[in-house]
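# Descriptive analysis of the structure
Here are the chains, one letter per residue:
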Amino acid sequence: MALPVKDTMELVQQAMDVVKSRYLLCILVSQRIHQLEKGAAPAIDVDPDEYTSPKTFLNLSLMEIIEGNMDLEEAEGEPA
């Protein structure tokens, strides 16, 4: 289930507090969405049935960054 735009923007702001660079955040989120589309497992504890479509991958990747569970080096390569 996709969050309302207001909630997604709050996640973006929180992720910006972690990453500091909007350009790096964009790259990290993009890479992580591609990994999730290819079948990578979520890096945080979530209900997998709620995050099965590309529309939900944006929020999932932002939450992973906020919680610090996304390895920046792993985001640069393919999922293991």
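This text gives an overview of the structure that appears in the document. (Residues numbered from 1 in each chain as written. Predicted model: local features only at pLDDT ≥ 70, side-chain atom pairs only at ≥ 80, totals over all residues. Heavy atoms only, no water.)

The next thing to look at is unusual backbone geometry. Across the chain, the bulk of peptide bonds are trans and the bulk of non-glycine residues have phi less than zero. Despite not being glycine, Lys-20 has its phi angle at roughly 80 degrees, a positive value. Its place among the elements puts Lys-20 in the loop between helix H1 (5-19) and helix H2 (22-37). (Helix = DSSP H or I, 4+ residues; strand = E, 2+ residues; numbered from the N terminus.)

Tallied over the entire structure, the rule returns 1 salt bridge. As a salt-bridge pair, Glu-64 and Arg-32 come within 2.6 Å of each other at their nearest N and O atoms. Separated by 32 residues along the polypeptide, Glu-64 in helix H3 (residues 54-66) and Arg-32 in helix H2 bring together distant segments of the chain. Like Glu-64, the residue Arg-32 is buried in the burial classification. (Salt bridge = Lys/Arg side-chain N within 4 Å of Asp/Glu carboxyl O. Buried < 20%, exposed > 50% of the residue type's maximum accessible area, 1.4 Å probe, protein only.)

Judged by nonpolar contacts, the single largest core of 16 residues is most densely connected at Leu-25, Val-29, Leu-60, Leu-62, Met-63 and Ile-65. Secondary structure elements with two or more residues in this core: H1, H2 and H3. Setting aside anything within four residues of it in sequence, one finds Val-29 in contact with Leu-58, Ser-61, Leu-62 and Ile-65. (Core = buried A, V, L, I, M, F, W, Y, C linked by side-chain atoms within 4.5 Å. Contact = heavy atoms within 4.5 Å.)

The next subject is the side chain of Gln-35. Relative to the elements of secondary structure, Gln-35 occurs in helix H2. According to the relative accessible area criterion, Gln-35 is buried, its value standing at 3%. A distance of 2.9 Å separates a polar atom in the side chain of Gln-35 from a polar atom in the side chain of Arg-32. (Polar contact = N/O pair within 3.5 Å; in protein donor to acceptor, adjacent residues only side chain to side chain.)

Let us look at H1. Between its first and last C-alpha atoms H1 spans 21 Å; for 15 residues at 1.5 Å apiece the expected length is 21 Å, and the two agree. Where H1 is concerned, the buried positions are Thr-8, Leu-11, Ala-15 and Val-19. Seen end-on, H1 carries its buried residues on one side only, within an arc spanning 70 degrees. With respect to the buried face of H1, the exposed residues turned more than 90 degrees away are Lys-6, Gln-13 and Asp-17. If you follow the buried residues of H1, they end up packed against H2 and H3. Immediately downstream of H1, the backbone of Lys-20 shows phi near 80 degrees, a positive value. (Expected span 1.5 Å × (residues − 1). Arc of directions from axis to C-beta.)

Because an α-helix completes one turn every 3.6 residues, residues spaced three or four positions apart along the sequence face the same direction. Compared with an ideal rise of 1.5 Å per residue, which puts 16 residues at 22 Å, H2 spans 22 Å between its outermost C-alpha atoms and is within 8% of the ideal. Among the residues of H2, those classed as buried are Leu-25, Leu-28, Val-29, Arg-32, Ile-33, Gln-35 and Leu-36. All buried residues of H2 project into a common sector of 160 degrees when viewed along the axis, lining one side. Across from the buried face of H2, at angles greater than 90 degrees, the exposed residues are Tyr-23 and Cys-26. Positive backbone phi, approximately 105 degrees, marks Gly-39, located one or two places after H2.

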